[in-house]
Amino acid sequence: MHIPEHSPLGKPSAYADQLDASLLFPIARAPKRAEIGIDGAPRFFGADLWTAYELSWLTPRGKPQVAIAHLTIPCETPSIVESKSFKLYLNSLNGTRFADAEAVRLRIREDVSEAVWRGGVAPGAAIPQVGVRLVLPEAFGRERIVPLDGLSLDRLDIDCDRYTPAPGLLTAAHGEPPVTEVLTSDLLKSNCLVTGQPDWGSVQIAYSGPQIEQGGLLRYLVSFRDHNEFHEQCVERIFMDLWTRCQPVKLSVLARYTRRGGLDINPLRTSHPMAPPAAGRTARQ
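Residues numbered from 1 in each chain as written. Predicted model: local features only at pLDDT ≥ 70, side-chain atom pairs only at ≥ 80, totals over all residues. Heavy atoms only, no water.

### Some thoughts on the sheet that holds strand E5 (residues 131–135)
Where strands meet in a sheet, backbone hydrogen bonds hold them as pairs that are either parallel or antiparallel. Ordered in space as E5-E3-E2-E12-E11-E9-E8-E6, the 8 strands form an open sheet in which the pairing is mixed. On the outer flanks of this sheet lie E5 and strand E6 (151–152), each paired with one strand and no other. Here helix H2 (residues 83–91) sits on the sheet in contact with strand E2 (45–58), strand E3 (64–74) and strand E12 (263–270), set at roughly 35 degrees to E2. Contacts between helix H4 (residues 214–222) and the sheet are confined to E6, strand E8 (179–191) and strand E9 (198–209), with E8 contributing the most and set at about 25 degrees to the helix. (Pairing = 2+ DSSP bridges. Helix = DSSP H or I, 4+ residues; strand = E, 2+ residues; numbered from the N terminus. Contact = heavy atoms within 4.5 Å. Axes fitted to C-alpha atoms, helices over the stretch in contact; angles between N-to-C directions.)

Shown next, in the form of structure tokens:
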């Protein structure tokens, strides 16, 4: 079984100059989900939304091409792909010749789909395909900066003294009429599970149900500051803590993490089927 400590993270890496799908390093979601009380199928919907800003390949005549890639990886996949391995994989396209951009898109889709669904599809069955969309240079100007919509928790003047996840800080007004609101914060920070390097993010929490006490929620989000976990795992932990402790009727948690190595990862977890968030990135991404 692939475990984070065996990934390319924190280790010297040779850069392949020809396409090599074996560079993709899947890591099972199940062990970390078990830590937060998920045994078997997840209790939420959602996807991991990746943006790859450093994508290049060669035309059949050897001329370099560039693009931005947007990937949508369903949270139902049994594995994530470790981000450095994905960067190494993308770098292996740099010296590879493709007929056109569509051939590149299909190659990425096939390789990433195989990695994230590995071990989760019956032999001989078709592998579900992840979403891959390429933005070519003529459309770069249409890539938007969009702040997360909602009421900012960061306006609150509070004391913070907890820097590892403290779900006990979460409370909700169960004896009062329910509310529907969207809350945001730019103060989310966690650390890479393997290297300990900081991961910076913004988070949007939309819910209906008993009103969540905002000061406690902000202190809870700040409590991830010294926590070591991958982006996807942090968002699932936030979702489950809110779901179990505040008991909303509906809940969605979206985090937009700043890019590292030309990649950003934006996990979305929701209690109900919903449209993906509007295309765009925050200013820090």
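### Quick notes on the pairing of E9
Regular strands show a simple pattern: their side chains alternate between the two faces of the sheet. Counting buried positions over the 12 residues of E9 gives 9, a clear majority of the element. Note that E8 and E9 share 11 bridges and pair antiparallel. When the sheet's bridge partners are listed, Asn 191 is paired in E9 with Pro 198. For E9 and strand E11 (residues 250–257), the ladder comprises 8 bridges, and the chain directions are antiparallel. Directly across from Ile 205, in E11, lies its bridge partner Val 253. (Buried < 20%, exposed > 50% of the residue type's maximum accessible area, 1.4 Å probe, protein only.)

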